[in-house]
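# Topology and contacts: notes
Here are the chains, one letter per residue:
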Amino acid sequence: MQKERKLKNPEAFDKCKRDSNFDKCLVDAVNKAIQILKPGNKEFEVPALEPLHVKSLVIDAGTAPINLRQTLKNVMVTDMISTSKIQRYRTDLDKYLIICDSFTGRIQMLGDYEMSGRILLLPITGNGRANITLVNTKIEHRLIGEPFEKDGVQYMRLKEYRVSFDPKRVYMHFENLFNDATLSQTMNRFLNDNWETVFNELKVGYAKSFGRIFREISNRLFEKIPMDSIFLR
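Residues numbered from 1 in each chain as written. Predicted model: local features only at pLDDT ≥ 70, side-chain atom pairs only at ≥ 80, totals over all residues. Heavy atoms only, no water.

### As for the nonpolar core
The following threshold applies: Nonpolar cores are built from buried Ala, Val, Leu, Ile, Met, Phe, Trp, Tyr and Cys residues. Side-chain atoms within 4.5 Å join them into one set. The rule is simple: take the accessible area with a 1.4 Å probe, protein chains only, and divide by the maximum for that residue type; under 20% is buried, over 50% is exposed, in between is partly exposed. By definition, any uninterrupted DSSP run of H or I lasting at least four residues is a helix, any uninterrupted run of E lasting at least two residues is a strand, and each is numbered from the N terminus. It only takes one pair of heavy atoms within 4.5 Å for two residues to be counted as in contact.
Core analysis: the biggest nonpolar cluster contains 67 residues, and F165, Y206, F210 and F231 have the highest contact counts within it. For this core, the leading source of residues is helix α3 (residues 195-222), giving twelve residues. Not counting residues within four places of it along the chain, the set of residues in contact with F231 comprises C16, R18, F22, L26, L93, I98, M156 and F222.

### Notes on the pairing of strand β5 (residues 97-119)
Quick note on the threshold: The pairing criterion is simple: DSSP has to find at least two bridges between the two strands.
Of the pairings in the sheet, the one linking strand β3 (residues 66-78) to β5 comprises eleven bridges and is antiparallel in character. Bridging from a neighbouring strand, T71 pairs with E114 of β5. Direction of pairing for strand β4 (residues 84-92) relative to β5: antiparallel, over a ladder of eight bridges. Counterpart to D92 in the pairing with β5 is L97. The turn linking β4 back onto β5 is made up of four residues, and Y96 within it adopts a positive phi angle of 55°. Here β5 pairs with strand β6 (residues 122-150) via 22 bridges, running antiparallel. Counted as the bridge partner of L110 is N131 from β6. Linkage of β5 to β6, two consecutive antiparallel strands, is achieved through a turn of two residues, within which L120 is found at a positive phi near 50°.

### Topic: unusual backbone geometry
Looking along the chain, the bond that leaves E50 and enters P51 is cis, with omega of -5°. Within the secondary structure, P51 is located in the loop between α1 (22-37) and β2 (52-63). One non-glycine residue, E45, lies in the positive phi region at around 60°. Residue placement: E45 occurs in the loop between α1 and β2.

### Focus on the packing of aromatic side chains
Spelled out, the test is: Pairing of aromatic side chains here covers Phe, Tyr and the six-membered ring of Trp, requires ring centres within 6.5 Å, and sorts the geometry by plane angle: under 30 degrees stacked, over 60 edge-to-face, intermediate tilted.
A complete count under the given rule lists eight aromatic pairs for this structure. Where F148 meets Y155, the ring centres are 5.4 Å apart and the plane angle is 20°; that geometry is what we call stacked. Judged by its relative accessible area of 2%, Y155 falls in the buried class. Centroid distance F165 to F210: 5.8 Å. Interplanar angle 85°. Geometry classified as edge-to-face. Linking F165 in strand β7 (residues 153-174) with F210 in helix α3, this pair joins segments that are 45 residues apart in sequence. F210 carries the same exposure label as F165, and that label is buried.

### A few points about the environment of N192
The line we're drawing: We call two N or O atoms a polar contact when they sit within 3.5 Å, provided that within protein one can donate a hydrogen and the other can accept it, with sequence-adjacent residues counted only if both atoms are side-chain atoms.
Structurally, the position occupied by N192 is in helix α2 (residues 181-193). Setting aside chain neighbours within four positions, we find N192 in contact with R169, V170, Y171 and M172. For N192, the side chain forms a polar contact with the main-chain oxygen of M172, separated by 2.6 Å.

Encoded structure:
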């Protein structure tokens, strides 16, 4: 069996020493690294981050006033990397905990949807193309890791990646609701007029879906680069 090749921390990535300036250093270093990784990285098997292709997002909201199941397939997520800036880090590497706050000007999700359920007592059903766009979104990222050892070297993998979305505005458009152009137009207007109520019920589902995506991508780096090569002692 071919022995796994050890990967080195790319020279293009800035490194931060675990000192009193560590959290501030991470802000600049990770903002730069995200832009470097935007087109993807074959060595680390990181896919293109912009546009990011997502095979499926399944969003469930099961309590009043919204009881809804929404499935998005073949989703292209655009603008998320280009308009994102990490603003603050709070880390405790002894506990393998990394928390950061970011601001993203625009997240657009384009894909095929299927939806059924009720919104504010109104039935809703349909399938077709969907466009969901979040504007000026504050995001908290909470990375919860655990250590593991490989060839005598310590690494970290993420057990959880929790995301919390707080957008200033959300725009939604679903083609072919009720298989009727007039009803579709009316319901889309209703959804956008009541976007805050609607999205507040759905955002936990979106957060869980994106948390899984971010964890998978992040672990492609964490599981290949020794911890001390990412966070210098």
